[in-house]
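Here's the letter readout for the chains.
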Amino acid sequence: MKKPIHGSCLCGGVRFEVDPPFLQASHCHCDRCRKHSGTAVCTQTRVLKEQFRLLQGEKLIKVYGKGEGAVKAYCVDCPQVSIRMGAFDDDPGIRPQFHTFVDCRAPWDEITDDLPQYPERRT
């Protein structure tokens, strides 16, 4: 069994751990992710909900954009959890596998790798 991968927020008040294996990892170029992150892409990974554990800081978590697809808290009804890869303290061992919403990317966002590209959500 692999060791849990640990992560935290910038101040360290929120801490979590994830049990590998990860389901996927990707770069999302949609306008919501761009605005939310302030960067060209949001690099994220997914795991089953049972693989994610919040260790501390539940009271520090706020929900932004509920119902708009940009929420970064997890839903009790969803089978997967999306985690921003920049929040990991440990190497998750997975690397981005594709780009999504490339038709929405910023005009200055040039994709320079050979990963598969999807115009919208990958199905």
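So, how was this worked out
Residues numbered from 1 in each chain as written. Predicted model: local features only at pLDDT ≥ 70, side-chain atom pairs only at ≥ 80, totals over all residues. Heavy atoms only, no water. Helix = DSSP H or I, 4+ residues; strand = E, 2+ residues; numbered from the N terminus. Buried < 20%, exposed > 50% of the residue type's maximum accessible area, 1.4 Å probe, protein only. Contact = heavy atoms within 4.5 Å. Areas by Shrake-Rupley, 256 points an atom, 1.4 Å probe, with all protein chains shown as cover. Pairing = 2+ DSSP bridges. Phe/Tyr/Trp six-rings, centres within 6.5 Å; stacked < 30°, edge-to-face > 60°.

**Q** Is there a simple way to think about the overall build of the chain in this case?
**A** Scanning the chain from N- to C-terminus turns up 1 helix and 7 strands. For the chain, the N- to C-terminal ordering of α and β elements is β-β-β-α-β-β-β-β. Across the 123 residues in the chain, those meeting the buried criterion constitute 36%. For the chain, contacts bridging at least 24 residues in sequence account for 64% of all contacts bridging at least 6. When the accessible surface of the chain is totalled, it reaches about 8,200 Å², and 52% of it is carbon and sulfur.

**Q** I would appreciate a short explanation of the pairing of strand 6 (residues 80-84) in the present structure.
**A** Remember that side chains alternate between the two faces of the sheet whenever the strand is regular. Covered by surrounding structure in strand 6 are Val81 and Ile83 only, the residues Gln80, Ser82 and Arg84 on the alternate face being uncovered. Looking at chain direction, strand 4 (residues 42-48) and strand 6 are connected through 5 bridges and run antiparallel. Opposite Val47, over in strand 6, you have Val81 as the bridge partner.

**Q** How should I be thinking about the packing of aromatic side chains in this particular structure?
**A** The relation between two aromatic rings is expressed through the spacing of the ring centres and the mutual angle of the planes. Summed over the entire model, instances satisfying the criterion amount to 4 aromatic pairs. Aromatic pair Phe98 and Tyr118: ring centres 5.8 Å apart, planes at 90°, arrangement edge-to-face. With a gap of 20 residues between them, Phe98 in strand 7 (residues 98-100) and Tyr118 in the segment after strand 7 connect regions that are remote in the sequence. Residue Phe98 is classed as buried on the basis of its relative accessible area, which comes to 3%. A relative accessible area of 28% means that Tyr118 is categorised as partly exposed. Among the aromatic residues, those joined into a cluster by ring pairs are Phe16, Phe22, Phe52 and Phe88.

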